[in-house]
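# Fold and geometry: a report
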Amino acid sequence: MEPWYRVTIPRPEVREGRSFNPDEFAIALEQVVAGTAPQDYRDATQFFARTVFTRALREQVAVTLRRLSGQTEGAPPVLALVTQFGGGKTHVLTALYHLVEHSKASLRNPEVQAVLKEAGLSSIPKARWAVFVGNAWDPQPGRETPWIDLARQLAGDGGVAALGLDAREAPPGTEALGRVFEAAGGRVLILMDEVLNFLNRRRPMAEPFYAFLDNLVRAVTGTTHCAAVISLPRSRTEMASEWEMEWQERITKIVRRIARELLANDESEISEVVRRRLFEDLGQERARRSVARAYADWCFQWRAQLPPEWTTIAAEAVEAKARESLQRRFEACYPFHPATLSVFQRKWQTVPQYQQTRGTLAMLAQWISWAYRENHQRARREPLITLGSAPLEVSEFRTTVLGQLGEHRLNPAIEHDVAGEHSHALSLDADAKGALRDIHRRVATAIFFESSGGMVDKVAHLPELRFALGEPELDVATIDNAVDALEKRAYYLRKVGTDGCRFGFTATLRKVVADRRASLDEEREVRPAVRQSVKNEFARGANLPVVYFPEGGDVVPDSPQLTVVVLDPDFTWDGTEGPQARLAEWTRQRGVDTRRYPAALVWCAKKSGRALQDRVEMHLAWRRVADELAAGLLGAEVDASDRREVAGKLRDADEDVREEIWASYGYLVVADRTVPAGVKVIDLAGGYASTGQTLTARVVATLKAEGLLTESVGAGYVGRNWPVALRESGVWPLQGLRQSFLDGSLTRLIDPERTLREQIVRWVEAGEFGLGSGQRPDGSFQRVWFKEAVGSEEVTFDAQTFLITQEKAKDLTQPPAPIESSPITVRGDKAGEPVAPPVSATPAGTAIFAIRVHGPIPPEVWNKLGVRLIPRLKTGQSLSMGFEARVQVQGEMGRHLEQELRQVLSELGLVDTVTVEVEMWQQES
């Protein structure tokens, strides 16, 4: 289907893009009479060529002509034209003027002839006419009062004389007016427009004019060939003050007493009025029918989701007939979509400032003119002019629209949400193409027109939007989705009920929040809040040690226990060599030292992007709004209906931050000796915050799923991974065993020392492995445990404690050949001095051993003394122990060490029994 602008031809003034002020579509009756109006208005032939004889206009003309011809039945002497502001009252008066004054030219119009036929008249009756336009009338010599002016127009000087001698001072009575009618030939048409404007301008004449009007109505009533047509406004927009409203009511009472009130516009025929005023050619009928048929078919396809007044099928009608009826409605409105015209009748006619005919024409004229600019390059290729194509981005058009609404406070809503350069609708449409081009802007524009006009139902409902924007090959779900997207993003759009929304001039909470967000300081507020949020989430229920935001590898401890290292949010993993090389170095080195336990580190890195920062900024903004609202600082800035949402929005924002932390920290980096880089990257593939799982638990679960971590190990796993170099000897130092689980040679354990200690105790008791300590030069051990209980304190991860294979342990635990025992010799603790046992505590005949343990002890076994030696000494009696150590320290370290030693003794409760002595001397050069 061709776009409408390739089928139709607008009138020249529309195509040329002239200024379209609503007043340009208003008729000035006094200018028509004076011959100074535009040609289209002052020339009867052109006037009627562009006039649509609606049902109301035909009726008004017919009634008036029948009255002038002398028919009184059903033809009242006075007609009151009552319409909305700009509703076409003056057009009716102008039509009657041309019919009476230019009857020959008027009769050439076929529609005029049809009106005469309906009225039962063969010709236009001859009559004298007089015109009074209140906003133009001013006293002049010979026309000092309105009644003198009207009398002179009707019958010249004779008519003025018929008013009597007091005409300049007082309004004429009914008899005087009757004499004027006789002087005019007895057949008179009086046309009066803008009477209220006259009263307001000439207030001293208000009472006399009111009396004149009252007498005029009575005088016309007493005739058979005279008629008066008086326009009366319905809208208070045409009344500048309470004074005018009062006089409007007074005039209405006297006119309506005997007048017939007729509406000067017909809503069902507004489309023809608009088309004739704006287009000189509507194109080929075949093209119009093709478009109408396609749209009618679409409407019936989706009729269950459209307004019922457009698609309801009467019980007695078949679907084909109903479809044809809808097609005719589309044809009657072409090139406009029916909703484009009906919205002004359904919604806007209740707006006080809205000029019903001229206002609509002004908007549509600019609308069409814009589409023709730049050779239609910016116009959307749509077969019909829909509400969504209204050029709200054009400042002149926007000014006209807001002027008709009388609500310029809606301009920010248009700028921010609908058609501004950086509006939300345009940002949502960034990637839309084809039939979806500008879908969000079109939906937002339709919402604006559907929700801004009605004084009762200021709501754009989904069925209305679907009908207004639907077109062949478009799914209604697309429109629904666009509404949802706008409602989530817009600053001035509110959801109403279950299927409605509307634009308002008060910003929603989103706008307030956006303003608060824009005021945040990134360094002092946002970044600290991001770090704290990340820290809180990783700390929640953490079952592993966690290190937060290290600036370098030297601050990350070298511990055998599995440790999660959360990298700073500014450190992002983007797949490049830079971050990978840095983490590989931090995994190998702790500063200048080589790490002993690189496999115990699990680095958690954030993916690149601002998503987390955005979520935190929104949370901070909602927190600020909540605080200001609680403190009463927002006032009228927030709509009352929005305030109830703040607490919920704040909770949602907090949850969004948590969700984004889970999603953003999506990479684990661990040591891996099998790859050249030395580290392996694990993609967590997103995730969702859960009350049943913590982030550290998620790390553990991921490592397990990758086969890089286990809760425990079995004897079979250790046996299969026994180092080749140690298989012949059958012994594996526990220091080396643990290191294999920490440097990546073997699987990771959450807590290697605890897990291995517990497992070794079980293995020894079950006879799967043996445990030996104190290896002698010949390969034997001072102590071997195998198939027996062993205390966990015996399992120390050093170079002198060994895990022994089952076969080796069996050999080592074979009982030795019996040897003869040597006699016990009692020796004193000093040479040649026997120890005297405490007689009172020792039974007679008991052998007493006094054992003194002394000698140098190497530093590498100091820790074992408290675990293995001292517990055995405690089995005896009268145990006494002392302590002596001498150490030399250079420089200020000596003072520091002395303070630390005294602190330790104080903590152990030994400060009174153990003395710290310090000697100091200067080193000679």
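These notes cover the structure that comes with them. Because the structure is a prediction, the values reported are computed rather than measured. (Residues numbered from 1 in each chain as written. Predicted model: local features only at pLDDT ≥ 70, side-chain atom pairs only at ≥ 80, totals over all residues. Heavy atoms only, no water.)

## Concerning a nonpolar patch on the surface
On the surface, Ile851, Val853 and Leu869 cluster together into a nonpolar patch covering about 300 Å² of accessible area. Of note, Ile851 is situated in the loop between helix 36 (806–812) and helix 37 (862–873). (Patch = residues over 30% accessible without salt bridge, like charges linked within 9 Å, V, L, I, M, F, W, Y side chains within 5 Å. Areas by Shrake-Rupley, 256 points an atom, 1.4 Å probe, with all protein chains shown as cover. Salt bridge = Lys/Arg side-chain N within 4 Å of Asp/Glu carboxyl O. Helix = DSSP H or I, 4+ residues; strand = E, 2+ residues; numbered from the N terminus.)

## Points about the pairing of strand 9 (residues 493–496)
Two strands pair when backbone bridges link them, and strand 9 and strand 10 (residues 500–503) are joined in this way by 4 bridges, in the antiparallel orientation. Bridge pairing links Arg494 to Arg502 in strand 10. Counted between consecutive antiparallel strands, the loop separating strand 9 from strand 10 contains 3 residues, among which Gly497 sits at a positive phi close to 65°. (Pairing = 2+ DSSP bridges.)

## Regarding the sheet that holds strand 8 (residues 460–461)
Overall, antiparallel pairing links the 3 strands, which are arranged 8-10-9 in an open sheet. Of all the strands in the sheet, the pair left with one neighbour each is strand 8 and strand 9. Bridge count between strand 8 and strand 10: 2 bridges; the pairing is antiparallel. Paired with Ala460 across the bridge in strand 10 is Cys501.

## A short note on the sheet that holds strand 23 (residues 781–785)
Pairing is antiparallel across the open sheet formed by 4 strands, whose spatial order is 20-24-22-23. Each end of this open sheet is capped by a strand with a single partner; those strands are strand 20 (731–733) and strand 23. Between one strand and the next, the sheet's axes are offset by a mean angle of 30°, whatever the strand orientation. Sheet topology places strand 22 (residues 769–775) next to strand 23; 4 bridges connect them, and they run antiparallel. Bridged to Leu771 within strand 23 is Trp785. (Axes fitted to C-alpha atoms, helices over the stretch in contact; angles between N-to-C directions.)

## Describing the pattern of salt bridges
Applying the stated criterion to the full structure yields 51 salt bridges. One salt bridge connects Glu111 with Arg276, and the closest N-O pair in it is separated by 2.9 Å. Of this pair, Glu111 sits in helix 8 (residues 110–119) while Arg276 sits in helix 14 (residues 270–278), and the two are 165 residues apart along the sequence. Here the residues in one salt-bridge network are Glu522, Glu523, Arg527, Arg531, Asp568 and Asp570, joined through shared partners.

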